[in-house]
Amino acid sequence: MLGLGTALIRLSGAPDDGVYKSASLDGTNDYIQLGNIGTVRSFQIWFKPNTTLNSVTSTRRIVGFNSAGTGYFGIHISQATGLFANETITVLPGANSRTSDTQLLYSTNWYHLVIVWDGTVFQIYVNGVNTTVNDGNNGSTDTLPSFSSLRIGTDNSSTVDAFGGLVDEIATWSSSLTASEILSLYNSGYTLDARNDSGNYASSADLTGYWRCDDSNMFDVSTNSNNGTPINGVAFSDDTPAQ
């Protein structure tokens, strides 16, 4: 079982007021619009579902965006397509799909999810562990798109199957993070400030977006300052992956 039993102290703070929050999505029509991000080779999000999810519960679309040349791209959780018995997380790059063998996502736990394009396919890391099992087209090469219309909590054009729960520490990189870097970012449950290299993490210079979800401004605290927009009444919670 992957998960955190308790919330812990954030190691380094946001640049504004030191108040740490997470974004709370209602699972109906809330989402966060992050706009056009460009080429992304690594993506991070911490999330805590409002109900326990497994491979037979209904689909929840936690990330969605357009992808030039390949159509829809997104990250779904608890999408039971029948490909794998324990499938819970699915990455959909255009016509292909790639899945994780994580079986249960408990409503009491925070989860650290990182998606990395390794030059050939997407890899799925949950709480610092590569949980990827295969892709939906029997090993076909995934195509890295240029991401646009990035949304958190729904797919890129609809609120059907919206994710309900908390999200925090959303980040994108222009480089492919290594397994050791991802483990450092997970940091045994302590959120690590992605702007600062620490331990085996050495890709802060490649950070292209970083949203710490600390208030309704959804500030991008990377150097790109691509602030997000909460849509349809996104609330903010004191419950964070490290408090």
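Residues numbered from 1 in each chain as written. Predicted model: local features only at pLDDT ≥ 70, side-chain atom pairs only at ≥ 80, totals over all residues. Heavy atoms only, no water.

Undergrad: Tell me what's going on with the overall build of the protein chain, and back it up with residues and numbers.
TA: On a plain count of helices and strands, the protein chain comes out with 1 helix and 19 strands. Summarising the internal contacts of the protein chain: among those between residues at least 6 apart in sequence, 68% fall at separations of at least 24. Element-wise, carbon and sulfur atoms account for 47% of the exposed surface of the protein chain, whose accessible area totals about 9100 Å². (Helix = DSSP H or I, 4+ residues; strand = E, 2+ residues; numbered from the N terminus. Contact = heavy atoms within 4.5 Å. Areas by Shrake-Rupley, 256 points an atom, 1.4 Å probe, with all protein chains shown as cover.)

Undergrad: Residue-level account of the pattern of salt bridges, with values.
TA: Once their charged atoms are close, side chains differing in charge can pair, the charge on each being opposite to the other. By the definition in use, this model includes 7 salt bridges. Of the charged contacts in the structure, one is a salt bridge between R61 and D161, with a shortest N-O distance of 3.5 Å. Of the two residues, R61 sits in strand β6 (residues 60-67) while D161 sits in the loop between β15 (146-152) and β16 (164-173), which places them 100 residues apart along the sequence. Using a relative accessible area of 28% as the deciding quantity, one classes D161 as partly exposed. R195 is paired through a salt bridge with D193; the nearest N and O atoms lie 2.6 Å apart. A network of salt bridges, in which partner residues are shared, links E169, D193, R195 and R212. (Salt bridge = Lys/Arg side-chain N within 4 Å of Asp/Glu carboxyl O. Buried < 20%, exposed > 50% of the residue type's maximum accessible area, 1.4 Å probe, protein only.)

Undergrad: Lay out helix α1 (residues 179-186) with the relevant residues and their values.
TA: Looking only at α1, the buried set comprises E181, I182, S184, L185 and Y186. Residues of α1 that are buried sit in contact with β4 (42-49), β11 (111-117), β12 (122-126) and β16. One or two steps after α1, the chain reaches N187, where phi turns positive at roughly 60°.

Undergrad: Before we move on, could you go through unusual backbone geometry and cite the residues and values that matter?
TA: One non-glycine residue, D161, lies in the positive phi region at around 60°. The backbone phi angle of S225 is positive, close to 50°, even though this residue is not glycine.

Undergrad: Quick rundown of the pairing of strand β1 (residues 22-26)? Include the residues and the values.
TA: Pairing between β1 and strand β19 (residues 235-237): 3 bridges, direction antiparallel. Within β19, the residue paired with S24 across the bridge is A235. Two elements, β1 and β16, share 4 bridges in a ladder whose sense is antiparallel. Across the sheet, S24 pairs through a bridge with L166, a residue of β16. (Pairing = 2+ DSSP bridges.)

Undergrad: Please provide a residue-by-residue account of the packing of aromatic side chains, values included.
TA: Summed over all chains, the structure comprises 4 aromatic pairs. Centre to centre, the rings of W46 and Y186 are 6.1 Å apart; their planes meet at 25°, and the pair counts as stacked. Of the two residues, W46 is situated in strand β4 and Y186 in helix α1; the sequence distance between them amounts to 140 residues. Residues W46 and Y186 agree in their burial class; the two are buried. Note that R151 overlies the ring of Y31, its terminal NZ or CZ placed 4.0 Å from the centroid. (Phe/Tyr/Trp six-rings, centres within 6.5 Å; stacked < 30°, edge-to-face > 60°. Lys NZ or Arg CZ within 6 Å of the ring centre and 35° of its normal.)

Undergrad: I'd like a description of the environment of I231, backed by residues and values.
TA: For I231, the location among the structural elements is in strand β18 (residues 229-231). Residues in contact with I231, not counting those within four places in the same chain, are N29, D30, Y31 and Q33.

Undergrad: So, the environment of G35: which residues are in play, and what are the values?
TA: Examined against the element boundaries, G35 turns out to sit in strand β2 (residues 31-35). The spacing of G35 and N226 is 191 residues in sequence and 7.9 Å in space, taken between C-alpha atoms.

Undergrad: Can you explain the confidence of the model for the protein chain? Please cite residues and give values.
TA: If pLDDT is low for a region, its predicted coordinates should not be looked at in detail. Of all residues in the protein chain, 78% attain a pLDDT of 70 or more, and the chain-wide mean is 81. Low pLDDT, under 50, characterises residues 1-16; the predicted model gives this stretch 60 contacts beyond four residues in sequence or across chains. (pLDDT = per-residue confidence, 0-100.)

Undergrad: Break down the side chain of T172 for me, with residues and values.
TA: Along the polypeptide, T172 turns up in strand β16. Only 2.8 Å separates the side chain of T172 from the side chain of T208, close enough to count as a polar contact. T172 has contacts with I37, V40, S42, F43, D206, L207, T208, G209 and W211, leaving out every residue within four places of it along the chain. (Polar contact = N/O pair within 3.5 Å; in protein donor to acceptor, adjacent residues only side chain to side chain.)

Undergrad: Any details on the pairing of β4? Residues and values, ideally.
TA: By the criterion of burial, β4 is predominantly enclosed, with 8 of the 8 residues buried. Residue alternation in β4 divides its side chains into two sets, S42, Q44, W46 and K48 and F43, I45, F47 and P49, and both sets are buried. Inspection of the sheet shows β4 paired to β11 by 6 bridges, in the antiparallel sense. The residue of β11 that forms the bridge with W46 is H112. Bridge count for β4 against β16 is 7 bridges, and the pairing is antiparallel. If you follow K48 over to β16, its bridge partner there is L166.

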